[in-house]
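# Commentary on secondary and tertiary structure
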Amino acid sequence: MSRDPEKNDGNSNDVPSYTTDAVFGEITKDGPNYRNVGWVGTSVLMMKTQIGLGVLSIPSAMDTLGYIPGIISILAIAIITTWSDYIVGTFKIRHPEVYGIDDAGGLMFGKVGRYCFSAAFVLFWIFVGGSGILGISISLNSVSTHGACTAAFVAVAAIMAFIGSSIRTLSRVSWLAWVGLSGILTALFIVTVAVGVQDRPAAAPQEGPWTPDFKLFARPSFAEAVAAEATIVFAYCGTTAFFAIISEMREPKLYTRSLIFCQSTVTITYIIVGTVIYYYCGSYVASPALGSAGVMVKKISYGIALPGLLATTMISLHILGKFIFVRILSGTPHLTSNSFVHWATWLGCIGGVTTISYIIASAIPVFGELVALIGALLGTLMSFQPMGCMWLFDNWRRERNMRWYLMVCFCVFVIVSGTFLMVSGTYGSVVAIINSYKQSGGSAAWSCADNSNSV
């Protein structure tokens, strides 16, 4: 692939001199430029695939696990997923024809691996899009004090997500990510400060003396513990999106720089937000966490976070829609042209995945439990096991020294731990969803009832 030297930072609208790409084929000035994301834009896109939905449930996960186990879990999952993310980059550079996890599965396990990972990828991002649409509806309900039927807000969220996700290139979507990331971080820190200066959280008894009832070590049931772990996994499981992101980088060799910046920022944010909000709210922490500091702060924080929730959902649907789009038009000139077939296929893919995500959001309107279910069933499968297999695939025939044996042991640990979290976490999440529907907090499918606890 020929190209002129490019600047290494930021994003640029200039079309580089790419002629052909292993994934997108010929790239010209007459079509969309699929190779124009700088390393800074890459970092923001990476952070936005993670900070957005998962972080809103981190404090409640810490309430389930306790302070110390919660922090240890965040750090442990951060280390494993950072390694997994790094493997995505090295695997892509060694195999430039790889665009998604299904391509990697095909290289490692043949057609069976390609089809299985493709199905898991589609299901995962469909559910992420659904939880994003649900999060937007919660935000709209909070800002308006349940000003309309929740089912209507879910539909509005889906329409807005479709419009934003139909932007064709990640270099342009990255500007939405900038706005969204700024909004969600600002909202989180407003809530973090607010719970620290208030007398007590909104859900706590408002009369008599009160002190936070946080616990260093909690005593959850097995189902509760693994569901909480799955929630933390979900907060880090943007891993499979990184294949698509690095595929649109101007300089893929700068991927590791973007990754380190992303994971450092994400982990620091999770620890600060999780520990401070849980310390001051204890068992009265809300999920999503933006509702923990009272009605007024809740309205303000959700209003500021709304662009961030929108950006997360748009990016999720964009990544999934483009995955299907590339698979349909791969090898044809329509992939990088402005033809009718190109536009019809593109809008059809985005419209299809948005519609299915809307159905998911309407059918399972329980935010915390939906996040845990996604993280357990599909998040670990997309962020743990494949990357262990990818390292073994690329390094199995290398010199077998001590470092090699240690890495093999680590890969086996990642595969086994990921499988355990997937099976046990799915069980815990399903139990939590069933319990939620048995209690008054559970909402019916396609319901008009408030899902933000505003009324």
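Because the structure is predicted, anything quoted here is derived from the model rather than measured.

## With respect to unusual backbone geometry
- Located in the positive-phi region is Thr 145, a residue other than glycine, with phi close to 55°.
- On the secondary structure map, Thr 145 appears in the loop between helix H4 (101–144) and helix H5 (150–165).
- In this structure, His 146 is a non-glycine residue whose phi angle is positive, near 55°.
- Mapped onto the elements, His 146 comes out in the loop between H4 and H5.

## Remarks on the nonpolar core
- Within the largest apolar cluster, 129 residues are counted, with the highest numbers of intra-cluster contacts made by Ile 184, Tyr 270, Met 390 and Trp 391.
- The element best represented in this core is H4, accounting for 16 residues.
- When residues no more than four places from it in sequence are discounted, the contact partners of Tyr 270 are Gln 50, Ile 51, Val 55, Ile 58, Ile 74, Ala 235, Tyr 236 and Thr 275.

## Structural notes on the pattern of salt bridges
- Applying the stated rule across the entire model yields eight salt bridges.
- We note a salt bridge from Asp 199 to Arg 200, for which the minimum N-O separation is 2.6 Å.
- Note on Asp 199: relative accessible area 58%, which makes it exposed.
- Overall, the relative accessible area of 13% leaves Arg 200 in the buried class.
- For Glu 248, the salt bridge goes to Lys 322, with nearest N and O atoms at 2.5 Å. With Glu 248 in the loop between helix H8 (241–247) and helix H9 (255–281) and Lys 322 in helix H10 (residues 295–329), the pair connects residues that are 74 residues apart, well separated along the chain.

## A look at the packing of aromatic side chains
- One pass over the full model with this rule turns up 17 aromatic pairs.
- Here the aromatic rings of Tyr 67 and Phe 214 are separated by 5.5 Å at their centres, their planes lie at 80°, and the arrangement is edge-to-face. With Tyr 67 in helix H3 (residues 67–94) and Phe 214 in the loop between helix H6 (170–197) and helix H7 (222–234), the pair connects residues that are 147 residues apart, well separated along the chain.
- Taking the relative accessible area as the measure of exposure, Tyr 67 reaches 12% and is therefore buried.
- Among the aromatic residues, those joined into a ring-pair cluster are Tyr 67, Phe 214, Tyr 278, Tyr 279 and Tyr 280.
- If you follow Arg 400 out to its NZ or CZ, it ends over the ring of Trp 396, 4.8 Å from the centre.

Conventions used here
Throughout this document, residue positions are counted from 1 along each chain, in the order its sequence is written. Since the coordinates come from a predicted model, pLDDT governs what is reported: local features require at least 70, and pairs of side-chain atoms require 80 or more to be given and counted, while whole-chain, interface and lining totals use all residues. Excluded from the side-chain calculation are hydrogens and water; included are all heavy atoms of the structure. Numbering of helices and strands starts at the N terminus; helices are DSSP runs of H or I of at least 4 residues and strands are runs of E of at least 2. Within this scheme, the nonpolar core is defined by two criteria: the residues are buried Ala, Val, Leu, Ile, Met, Phe, Trp, Tyr or Cys, and they are joined through side-chain atoms within 4.5 Å. The classification of residues rests on relative accessible area computed with a 1.4 Å probe and restricted to protein chains. Under 20% of the type maximum is buried, over 50% is exposed, and intermediate values are partly exposed. Should any heavy atoms of two residues lie within 4.5 Å, those residues are counted as being in contact. In the sections that follow, a salt bridge refers to a side-chain nitrogen of Lys or Arg positioned within 4 Å of a carboxyl oxygen of Asp or Glu. Pairing of aromatic rings covers Phe, Tyr and Trp, the last counted by its six-membered ring, and requires centre-to-centre distances within 6.5 Å; plane angles under 30 degrees mean stacked, over 60 mean edge-to-face, and any other angle means tilted. Distance and angle both matter: a charge sits over a ring if NZ of Lys or CZ of Arg is within 6 Å of the ring centre and within 35 degrees of the ring normal.

Interpretation in functional terms is not warranted from these geometric data alone.
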